[in-house]
Amino acid sequence: MIKRERGDAPTVKGSGDEQFDAMPWPAEVVVVAQRYAVEPPNAAELFERPHQQIAGSRILSRWFAAQMVDSALYRGIAACDRLAILLRCRAGLPVETTRRGDRRQPSFGRGSLSELDTAYQDRAEWSDLRALAENELFGFIKQERNGFTHQRRRPSELHGERAIIYRGKGDKPEELVPVMDAQTHFALAPAFYNEVLRPAVELTRKIVVASSS
């Protein structure tokens, strides 16, 4: 938006009907329309024409930035899960396995961490680490990660999307999912890094070092 106002990037071209361009799309329409969407251009074009408009209302540079932010959030949750694995191994507890014999690694959550209370509850840092696993920001980012993996990503301005309507079934009303604005989307990655991931790494480091001495 800032680059467009400065004239560094072209204005997004919609249908020409402002009311239509701002109208939420039913989820069913989004699914059908995706079959006819234009594939993103080669990433090398970022260096030559980074602000070109691609499929729909997408701007290449903004779409690319959104992909990077989403990747950072995904990897940040994975890093927290690795901390839970590290703590479980340091406590000398075995890694659980499924009936098929596959490893079932712990996650950075209330359930997995509560199993480590006996090993670490005497540490002053333990309660703070447990609190991070129930932090509202962590819960929100984890919900977003689950959307990437198991459901559908929340519609985002950076991705060039619009609000989506999910039709209600039976007694359930329609659900309108608004678009996440660009500023909020950008802010999620540094907020998660500074408020959750960095403190979690530092607290885990202190706990592991103290339990090793």
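Refer to the structure printed above.
Quantities reported herein were computed from a predicted structural model and do not represent experimental measurements. (Residues numbered from 1 in each chain as written. Predicted model: local features only at pLDDT ≥ 70, side-chain atom pairs only at ≥ 80, totals over all residues. Heavy atoms only, no water.)

Draft legend 1. Region of interest: the environment of L188. Mapped onto the elements of the fold, L188 is located in helix 9 (residues 182-212). The spacing of L188 and F140 is 48 residues in sequence and 9.7 Å in space, taken between C-alpha atoms. (Helix = DSSP H or I, 4+ residues; strand = E, 2+ residues; numbered from the N terminus.)

Draft legend 2. Structural detail: the pattern of salt bridges. Overall, the coordinates contain nine salt bridges when judged by the stated rule. Taking the shortest distance from any N to any O, the salt bridge between R154 and E144 comes out at 2.7 Å. Here R154, found in the loop between helix 8 (136-150) and strand 4 (164-166), pairs with E144, found in helix 8; they are ten residues apart in sequence, far enough to count as distant. Take R154: its relative accessible area is 25%, and that puts it in the partly exposed class. Because the salt bridges share partners, they merge into one network encompassing R88, E96 and E115. (Salt bridge = Lys/Arg side-chain N within 4 Å of Asp/Glu carboxyl O. Buried < 20%, exposed > 50% of the residue type's maximum accessible area, 1.4 Å probe, protein only.)

Draft legend 3. Main features of the nonpolar core. Judged by nonpolar contacts, the single largest core of 27 residues is most densely connected at L87, F108, W126, L129 and F192. If you list the elements that add at least two residues to this core, you get helix 4 (60-90), helix 7 (124-133), helix 8 and helix 9. Every residue in contact with F108, bar those within four places of it in the chain, is listed here: C80, D81, A84, L113, L129, L132, A133, F138, K142 and A200. (Core = buried A, V, L, I, M, F, W, Y, C linked by side-chain atoms within 4.5 Å. Contact = heavy atoms within 4.5 Å.)

Draft legend 4. Spatial organisation of the side chain of H185. In this structure, H185 sits in helix 9. Contacts of H185, omitting those with residues within four sequence positions, involve A66, V69, D70, S156, L158, H159 and M180.

The analysis is restricted to geometry; functional conclusions fall outside its scope.
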